[in-house]
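Inside the fold
Here is what each chain is made of, one letter per residue.
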Amino acid sequence: MNHKTKKIFTLGIWEDNAIYRQILGICSALAVTNLMLNAFVMSLGLIFVTAFSELTVSVLRQYTPKHIRMMVQTLIISAYVIMVDLFLKAFFPSISEALGPYVGLIITNCIIMGRCESFAQKNTPVYAFADGIASGMGYGIVLMLIAFVRELLGFGSIFGINILGDSWVSWTLMIMPPGAFFMLAIVVWVSKNLFPDKSDKKGGAKA
Amino acid sequence: MADSKKKILYPVIFMIAITIVFTALLATLNLVFADRIHQQSLLKEQASILYVFDIPHQDTSESVLETYQQFVEEDMVLSTPYYRYHKGGQTMGHAFKIQGAGLWGGIEAVLAFDPSFDHLLGITFLEHSETPGLGGRIDERWYQDQFRQIPLDRNAGTPYLIYRPATHGNVDAISGATSTSNAVLSIFNEEIHHILSVLMEEVRREP
């Protein structure tokens, strides 16, 4: 692994994490984190779609006319998402049902388009692919973290296996939408303290 | 002149070409998976019918298919799909596939009755588009299991099902999903009324 690839992974997973640093992909992060299994499958789907979309965008970047690049990106992303959807329906129908419309909604996940625009347009296919995996993993790790706490407290289980025993009183709140908001807020708060934002200190206007 | 034409022509051709490539790819994939997806949905429906009648079977697809073919008979009664559960030549239960309006879209469900139509044997859902994690929780077993062996008093008439804690309540609603819970119950009450007043006679008339 050379220096640039390493940099891509530290940025994607840790320092520039899509969820807690860029606050992207929040909708699905809130929606599918009530069970570890759902979060896991969603993360794999997103890693696949981001990596291959970035790869394709990067391969086509020199031939794509600049002013229609977003149209092309959307087309590429939707094609890969439909592939994931078909694959889940054919081989994992129960998971496909549990995730419901959220698989299709990967198309609208800002992480993918964001990475295609900011990275794949300017880098070679190999690095673009690596960046897709890194960003997807960054998203996945946060999702799994949130899902871990929510499923453990909300159902007393991890991946559907009972951990806390029958005497555990489930926190129903954790598996309902408010639980997701609380958890996400805590994650963002912790990360704000881990990575003090330099622009905050200057007090400049932020986009 | 020639230059501006080129600028318009190239993006159009590029877009058409890339659309054709991805559409062809997806169409092929769809064709490859179509059979498998159809099988999966058929299997899911059969497993649902077995569940609604509470017929014991193993959790494998072979067992579902085998048990289904052994005990269940499909028919149509006044254009409503009808399922008969039989064992040793004796009718053990009747089930009907019904439809109604949920909160966000149509709900397709199955209602099963004992041979004399005095009790509800069970209910299950085949299709719905309720919010995952909220109304979507009607898929959960604890919710569906509540409807087992609920006595139906034909003389008292509708509503047959009432949410607790109202007087004579017999089932629990889903907290945080009031609209879906109410929609489901009103579909059931309406359909049970229709079945008991119309379809029951039709089924009994048949040999």
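Attention now goes to the overall build of chain B. The secondary structure content of chain B amounts to 4 helices and 6 strands. Each helix and strand of chain B, placed in order from N terminus to C terminus, yields the pattern α-α-β-β-β-β-β-α-β-α. Here the C-alpha atoms of chain B give a radius of gyration of 23 Å, more than 25% beyond the 17 Å that 2.2 N^0.38 yields for 207 residues. Overall size of chain B, expressed as C-alpha extent along the three principal axes, is 85 × 40 × 30 Å. Per-residue burial for chain B yields a buried fraction of 43% across its 207 residues. When contacts within chain B are restricted to residue pairs at least 6 apart in sequence, those whose partners lie at least 24 apart make up 50%. Working note: accessible area of chain B is about 11,400 Å², and carbon and sulfur atoms make up 57% of it. Averaging the positions of the 15 positive and the 25 negative side-chain charges in chain B gives two centres separated by 8 Å.

In this section: the overall build of chain A. Along the backbone of chain A there are 10 helices and 2 strands. Sorting the 207 residues of chain A into buried and exposed places 48% on the buried side. Here the analysis covers contacts within chain A between residues at least 6 apart in sequence; of these, 73% occur between residues at least 24 apart. Element-wise, carbon and sulfur atoms account for 71% of the exposed surface of chain A, whose accessible area totals about 10,200 Å². Side chains of chain A carry 16 positive and 11 negative charges; the gap between the two charge centres is 12 Å.

Each partner contributes residues to the interface: chain A has 29 residues there, and chain B has 21 residues. Summing the contributions of chain A and of chain B, the shared interface buries around 2,200 Å²; its carbon and sulfur component is 80%. Across the contact surface, chain A and chain B share 0 salt bridges. Of all the secondary structure elements, the ones that give two or more residues to the side of chain A that touches chain B are helix H3 (36-60), helix H4 (69-91) and helix H5 (93-99) of chain A. Looking at the side of chain A that touches chain B, the element that brings in the most residues is H4(A), giving 13 residues. The residue makeup of the side of chain A that touches chain B, split by class, is 23 nonpolar, 4 polar and 2 charged.

Reported here for the second largest pocket is a volume of approximately 260 Å³. If you trace the second largest pocket, you find 16 residues lining it, with Leu44(A), Gly45(A), Val84(A), Phe87(A) and Leu88(A) closest to the centre. At the level of secondary structure, the elements contributing two or more residues to the lining of the second largest pocket comprise H3, H4 and H5 of chain A together with helix H1 (2-53) of chain B. Counting residues per element, the lining of the second largest pocket draws most heavily on H3(A), which supplies 5 residues. By residue class, the composition of the lining of the second largest pocket is 15 nonpolar, 1 polar and no charged.

Residues and elements named next belong to chain B. Strand S2 (residues 80-87) sits mainly inside the fold: 6 of its 8 residues count as buried. Here 6 bridges tie strand S1 (residues 72-77) to S2, and the two strands are oriented antiparallel to one another. Pairing of Glu73 across the sheet is with Arg84, part of S2. As defined by bridge partners, S2 adjoins strand S3 (residues 90-101) across 6 bridges and the pair is classed as antiparallel. Across the sheet, the residue bridging to Tyr85 is Gly93, located in S3. Turn length for the S2-S3 hairpin, with the two strands adjacent in sequence and antiparallel, is 2 residues, and the turn residue Gly88 shows positive phi of about 55°.

This part takes up the sheet that holds S1(B). Residues and elements named next belong to chain B. Pairing in this open sheet of 6 strands is antiparallel, and the strands run S1-S2-S3-S4-S5-S6 from one edge to the other. Two strands close off the open sheet at either side, each with one partner strand: S1 and strand S6 (150-151). Where helix H4 (residues 178-205) meets the sheet, it contacts S1, S2, S3, strand S4 (106-113) and strand S5 (119-127), and its direction lies at approximately 135° from that of S3.

Residue and element names in this part refer to chain B. Inspection of the secondary structure puts Glu108 in strand S4. Within the buried set, Glu108 has no salt-bridge partner at all; the shortest N-O distance to an opposite charge, 4.4 Å, is to Lys97. Leave out the neighbours within four places in its chain, and Glu108 touches Lys97, Ile98, Gln99, Phe125, Leu126 and Glu127.

Residue and element names in this part refer to chain B. Enumeration over the complete set of coordinates arrives at 21 aromatic pairs over all chains. Judged by centre distance (6.0 Å) and plane angle (40°), the rings of Tyr10 and Phe14 are tilted. Taken as a pair, Tyr10 and Phe14 lie in helix H1 at a separation of 4 residues, close to a single helical turn. In this structure Tyr10 comes out as partly exposed when scored by relative accessible area, which is 41%. Taking the relative accessible area as the measure of exposure, Phe14 reaches 11% and is therefore buried. With 5.2 Å between their ring centres and 45° between their planes, Phe53 and Tyr85 make a pair best called tilted.

Residues and elements named next belong to chain A. On the surface, a nonpolar cluster with roughly 620 Å² of combined accessible area is contributed by Leu37, Phe40, Leu44, Phe159, Ile161, Ile163 and Leu164. By residue number, the principal contributor to the nonpolar patch is H3, which donates 3 residues. Looking at the secondary structure, you find Leu37 in helix H3. Accessibility expressed as a relative area gives 38% for Leu37, which makes it partly exposed.

So, about unusual backbone geometry. All names here are of chain B. That bond from Thr158 to Pro159 is cis: its omega, 0°, falls within 30 degrees of zero. Mapped onto the fold, Pro159 is located in the loop between S6 and H4. The residue after Arg164, namely Pro165, is reached through a cis peptide bond having omega 5°. Tracing the backbone shows Pro165 in the loop between S6 and H4. Of note, Phe117 is a non-glycine position whose phi angle comes to about 60°, a positive value. Despite not being glycine, His168 shows a phi value in the positive range, around 65°. Relative to the helices and strands, His168 resides in the loop between S6 and H4. The exposure class assigned to His168 is exposed, which follows from its relative accessible area of 71%.

Criteria and cut-off values
- Residues numbered from 1 in each chain as written.
- Chains lettered and ligands numbered in written order.
- Predicted model: local features only at pLDDT ≥ 70, side-chain atom pairs only at ≥ 80, totals over all residues.
- Heavy atoms only, no water.
- Helix = DSSP H or I, 4+ residues; strand = E, 2+ residues; numbered from the N terminus.
- Rg over C-alpha atoms; globule rule 2.2 N^0.38 Å.
- Buried < 20%, exposed > 50% of the residue type's maximum accessible area, 1.4 Å probe, protein only.
- Contact = heavy atoms within 4.5 Å.
- Areas by Shrake-Rupley, 256 points an atom, 1.4 Å probe, with all protein chains shown as cover.
- Lys, Arg positive; Asp, Glu negative; His and termini not counted.
- Charge placed at Lys NZ, Arg CZ, Asp CG, Glu CD.
- Buried area = accessible area lost by both parts, 1.4 Å probe.
- Salt bridge = Lys/Arg side-chain N within 4 Å of Asp/Glu carboxyl O.
- Nonpolar A, V, L, I, M, F, W, Y, C, P; charged D, E, K, R; others polar.
- 1 Å grid on protein atoms, 1.4 Å probe; cavity = no way out; pocket = protein on both sides within 12 Å on 5 of 7 lines; lining within 4 Å.
- Points joined across faces, edges and corners; volume = space filled by probe spheres on them.
- Pairing = 2+ DSSP bridges.
- Axes fitted to C-alpha atoms, helices over the stretch in contact; angles between N-to-C directions.
- Phe/Tyr/Trp six-rings, centres within 6.5 Å; stacked < 30°, edge-to-face > 60°.
- Patch = residues over 30% accessible without salt bridge, like charges linked within 9 Å, V, L, I, M, F, W, Y side chains within 5 Å.

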